[in-house]
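Commentary on secondary and tertiary structure
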Amino acid sequence: MGPTDLQLQRLPQQPDAGAYLAAVVGSSNDAVIGLAPNATITVWNSAAEEIFGYTAAEVLGQPAAILVPEELRSEAVHMLARVRLGEHVHDLETVRLRKDGTRINVSLTVTPIRNQAGAVVGALKITRDVTEQKLTEEMAAQLRLAIEATPSGIVMIDDRGTIRMVNSQLERLFGYERTELLGQSIEMLLPNRYRTSHPGQRAMYFASPSVRAMGHGRDLFARRKDGTEFPVEVGLNPAKTAEGTFVLAAVIDITERKRMEIELARVHTDLREHAHKLEVTVAERTAHLQQTIAELESVSYSLSHDLRGPLRTIQGFSQIVLADAAERLLPEERDFLTKTINAANRLDRLIQDVLTYTRVSRQNVVLHPVDVEALVRQIIEERPEFQRPKAEILIASPVEPVHGHDASLTQVITNLLDNAVKFIPPDRLPQVRIRSEVRDRLVDLWFEDNGIGIPEEALGRLFAIFQRVHDEKHYPGTGIGLAIVRKAVERMNGSVRVESQPGQGSRFCVTLPRAQCL
Ligand code: ADP
């Protein structure tokens, strides 16, 4: 008979020992279950009630099999058979059923009960609920796996700075074997220059541990087994356990990141230098171009201006000769003179347009609010070709005022209306509609005509100088009017565009800043 065997049948003769035993069984945290040889339940303490959910009254006399899941019944039968033969069962990890059908992980210890003759007359089963313990173990195992799998080096130290755990990434980072690290001081992983100050800093951290990055923004370095150093980032995580406070440090090698940062900074500097050089070059070239343009404009202005003098002489004298000597001239000579006068008139128009273009480019433009509607009415009033019966110009009142320049805007409106009444089939009355549309801080001024329209492919080049789409014979012109429009609009910080339906009409849109928004 083993030392732990119980001889229950002796208990009635030893009341003190029985009371003692009853007290132990009653106060045990483990379920104590007595079994008769036929495996019915004979003892059921309060811990058993707690763990299994049955009261003693419910289970006493019941077969112990009610506590065993179906698939484990044979294991239980086998175990009891062993106990009946006098064997002990120690810490058998298995599963049992509670009254509500849920399963619990248990650890069983079963002891045979013998009578005085030494025959086994029952069994005492001590059952410990290890569900929570199992969970904790499983979690710890998973945590270990997770720590092993993390790409950072992980080291755990205690409050004396002793290394208690490392993962394989940390071994790789520092070039040490795990066995060389465990039990050693964490300072072995630091460059010599930090080794004296570190224990103090460590103590301070342990005094009020928190989850944070180490170093407070300083550059940190670690030291490999071979003495070489590398820049690191270290995250600190305190963990309070029954054994005391530990700190889990995650170490990341940031050599590559640092290299990239330096490289990036270099690229940035290069880029800045490049951008600066480019700006200087562009500024120089722009200044040079502006000067060239100004010179060219000035040349073309004086040239155009000077050309008008001799041209007037040609026009004047040709007209005098034609008027005074008409009868003495042959019809052929009269025709030559007429052609000369026409050519001189055309040249004069061209010169005047070029002069207008250069004037628009060069004149000082000071912007102010302009009452577009009044301006349009005034332009129409001054030009009979914009009035009935020659044309119908409709103003969709009110027209939104813009921030612009009177003279430039007069030029723009006049040129657009000139074209609107000019590019029209001979049998059609020109009808033009002028309206405004407010778009936030901008105003679109629309000029819509019912003219011959513009083919799609010509729309893109219409505002360049000397661009003409329709034939000179039916629609004479210089090709400068729309270039003047664009130049004038741009000088008022605006833009111009056109849409057209060939054969039906065109819509020109001048966009300018809204007057009251400035
Ligand atoms: P110009 O009127 O002296 O020919 P512009 O620069 O004013 O020169 O116009 C350029 C060309 O654009 C014109 O020759 C014409 O072909 C076309 N165009 C301009 N306005 C209209 C319009 N309202 N309808 C049709 N075509 C137009």
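Scroll up for the structure.
Below: a short report on this structure. (Residues numbered from 1 in each chain as written. Predicted model: local features only at pLDDT ≥ 70, side-chain atom pairs only at ≥ 80, totals over all residues. Heavy atoms only, no water.)

Right, let's talk about the packing of helix H10 (residues 255-324) against helix H11 (residues 331-362) for a bit. Two numbers describe how H10 lies on H11: the axes approach to 8 Å, and their chain directions differ by 155°. Relative to H11, H10 is oriented roughly antiparallel. Read as a crossing pair, H10 and H11 show a hand that is left-handed. For the contact of H10 with H11, the residue count by class is 14 nonpolar, 13 polar and five charged. (Axes fitted to C-alpha atoms, helices over the stretch in contact; angles between N-to-C directions. Helix = DSSP H or I, 4+ residues; strand = E, 2+ residues; numbered from the N terminus. Parallel < 35°, antiparallel > 145°, perpendicular 65-115°, else oblique. Left-handed = near helix turned anticlockwise from the far one by under 90°. Nonpolar A, V, L, I, M, F, W, Y, C, P; charged D, E, K, R; others polar.)

In spatial order, the strands read E13-E15-E16-E18-E17; together these five strands make up an open sheet with mixed pairing. Both edges of this open sheet fall to strand E13 (392-395) and strand E17 (495-501), since each of them pairs with a single strand only. Sheet twist, expressed as the average angle between the axes of neighbouring strands with direction ignored, equals 20°. Bridge count for E13 against strand E15 (residues 431-439) is four bridges, and the pairing is parallel. Bridge pairing in E15 links Ile395 to Ile434. (Pairing = 2+ DSSP bridges.)

This part takes up the packing of aromatic side chains. Per the stated rule, a full pass over the model turns up six aromatic pairs. Relative to Phe508, the ring of Phe463 lies with its centre 6.2 Å away and its plane at 80°, an arrangement referred to as edge-to-face. Placement of Phe463 in the loop between strand E16 (442-449) and helix H14 (481-491) and of Phe508 in strand E18 (residues 505-513) is noted, with a sequence separation of 45 residues between them. Per residue, the accessibility class of Phe463 equals that of Phe508, and both read buried. Through a chain of ring-to-ring contacts, the aromatic side chains of Trp44, Phe52 and Tyr54 assemble into a single cluster. The ring of Tyr194 carries Arg193 above its face, with NZ or CZ at 4.9 Å from the centroid. Across from the ring centre of Tyr301, 5.3 Å away, lies the NZ or CZ of Arg362, which sits over that ring. (Phe/Tyr/Trp six-rings, centres within 6.5 Å; stacked < 30°, edge-to-face > 60°. Buried < 20%, exposed > 50% of the residue type's maximum accessible area, 1.4 Å probe, protein only. Lys NZ or Arg CZ within 6 Å of the ring centre and 35° of its normal.)

On to the side chain of Ser318. Relative to the helices and strands, Ser318 is located in helix H10. Its relative accessible area of 9% is what places Ser318 among the buried residues. Look past the residues within four positions of Ser318 in its chain and what remains in contact with it is Thr313, Leu337, Thr340 and Ile341. (Contact = heavy atoms within 4.5 Å.)

What follows deals with the environment of Asn38. Take Asn38: it is sitting in the loop between strand E1 (31-35) and strand E2 (41-44). For Asn38 and Asn237, which are 199 residues apart along the polypeptide, the C-alpha to C-alpha distance reads 56 Å. A polar side-chain atom of Asn38 sits 2.8 Å from a polar atom in the side chain of Thr40. (Polar contact = N/O pair within 3.5 Å; in protein donor to acceptor, adjacent residues only side chain to side chain.)

A cluster of nonpolar side chains, namely Leu347, Leu350, Ile465 and Phe466, defines an oily patch on the protein surface of about 320 Å² accessible area. By the element assignment, Leu347 lies in helix H11. Residue classification places Leu347 among the partly exposed positions, given a relative accessible area of 42%. (Patch = residues over 30% accessible without salt bridge, like charges linked within 9 Å, V, L, I, M, F, W, Y side chains within 5 Å. Areas by Shrake-Rupley, 256 points an atom, 1.4 Å probe, with all protein chains shown as cover. Salt bridge = Lys/Arg side-chain N within 4 Å of Asp/Glu carboxyl O.)

So, about the site of the ligand. Neighbouring residues of the ligand: 20 residues in total, closest Asn419, Asp449, Arg468, His470 and Leu482. A distance of 3.1 Å is found between an oxygen atom of the ligand and a backbone nitrogen or oxygen belonging to Val469. Separating an oxygen atom of the ligand from a backbone N or O atom of Gly481 is a distance of 3.3 Å. Taking 520 Å² as the accessible area of the ligand by itself, protein coverage stands at 98%. The element contributing the most residues to the shell around the ligand is helix H13 (residues 406-422), with three residues. Among the residues forming the shell around the ligand, the class breakdown is eight nonpolar, nine polar and three charged. (Near = heavy atom within 4 Å.)

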